[in-house]
Amino acid sequence: MKFSLAVYSAPHSAQAAASALRFARALLHEGHELYRVFFYCDGVHIGSSLSTPPQDELDLLAGWQALQQQHQLDLVVCIAAAQRRGVLSDSEANRLEKPAANLAPGFELAGLGQLADAVAQSDRLITFGG
């Protein structure tokens, strides 16, 4: 079965973001396909290279990056939500004349069209947070 995930909650404010990563690992382990993970609303903070959780907490950024490298996942951060929250790629930082970028490797910025495409291409869209 082909899945896509939408992650709406911030990395460490609720269990939803951690549940999304555990769910992604489980479905890949079971042989399902993960078409796309779309980070929206406060979920865009997961794609920030500046997050540094305490050593005794789950590092969601590292977890998603490892999964992306292992399975060549499509990790998409909503560009509008990211800009509002200060998560910028190199090109967006330059375009907006900001002093730095912080979008982590393995993540890409894109619009809501990528979420619509994920819905159209997947058998199921599972959302986390809200």
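The structure under discussion appears in the preceding block.
Thresholds applied
- Residues numbered from 1 in each chain as written.
- Predicted model: local features only at pLDDT ≥ 70, side-chain atom pairs only at ≥ 80, totals over all residues.
- Heavy atoms only, no water.
- Helix = DSSP H or I, 4+ residues; strand = E, 2+ residues; numbered from the N terminus.
- Rg over C-alpha atoms; globule rule 2.2 N^0.38 Å.
- Contact = heavy atoms within 4.5 Å.
- Areas by Shrake-Rupley, 256 points an atom, 1.4 Å probe, with all protein chains shown as cover.
- Lys, Arg positive; Asp, Glu negative; His and termini not counted.
- Charge placed at Lys NZ, Arg CZ, Asp CG, Glu CD.
- Phe/Tyr/Trp six-rings, centres within 6.5 Å; stacked < 30°, edge-to-face > 60°.
- Buried < 20%, exposed > 50% of the residue type's maximum accessible area, 1.4 Å probe, protein only.

Novice: Can you help me understand the overall build of the protein in this one?
Specialist: Check the secondary structure of the protein and you find five helices and five strands. Along its sequence from the N terminus, the protein presents helices and strands in the succession β-α-β-α-β-α-α-β-α-β. Whereas a compact globule of 130 residues would reach a radius of gyration of roughly 14 Å, the protein reaches 14 Å, a difference of no more than 12%. Taking the principal axes of the C-alpha coordinates as reference, the protein spans close to 45 × 35 × 25 Å. Of the contacts formed within the protein by residues at least 6 apart in sequence, a portion of 77% connects residues at least 24 apart. Surface accessibility of the protein: about 6800 Å² in total, with carbon and sulfur atoms responsible for 48%. Side chains of the protein carry 9 positive and 13 negative charges; the gap between the two charge centres is 5 Å.

Novice: Any chance you could explain the packing of aromatic side chains here in plain terms?
Specialist: Geometry of an aromatic ring pair is reported as the spacing of the ring centres plus the angle between the planes. The final tally for this structure, using the stated rule, is six aromatic pairs. Between Tyr 8 and Tyr 40, the aromatic rings sit 5.9 Å apart at their centres with planes inclined by 70 degrees, giving edge-to-face as the arrangement. Of this pair, Tyr 8 sits in the loop between β1 (2-7) and α1 (16-29) while Tyr 40 sits in the loop between β2 (33-39) and α2 (60-71), and the two are 32 residues apart along the sequence. Since its relative accessible area comes to 24%, Tyr 40 is described here as partly exposed. Centre to centre, the rings of Phe 38 and Tyr 40 are 6.1 Å apart; their planes meet at 40 degrees, and the pair counts as tilted.

Novice: Got a minute to help me understand the side chain of Ser 48 in this structure?
Specialist: Take Ser 48: it is sitting in the loop between β2 and α2. Among the residues examined, Ser 48 registers a relative accessible area of 8% and is labelled buried. Residues in contact with Ser 48, not counting those within four places in the same chain, are Leu 61, Val 87, Asn 102 and Ala 104.

Novice: Where do I start with the environment of Ile 126 in this structure?
Specialist: Structurally, Ile 126 is set in strand β5 (residues 124-128). What makes Ile 126 partly exposed here is its relative accessible area of 25%. When the C-alpha atoms of Ile 126 and Val 37 are compared, they prove to be 9.6 Å apart, with 89 residues separating the residues in sequence. Excluding its chain neighbours within four sequence positions, the residues that come into contact with Ile 126 are Phe 3, Ser 4, Leu 5, Ala 6 and Phe 23.

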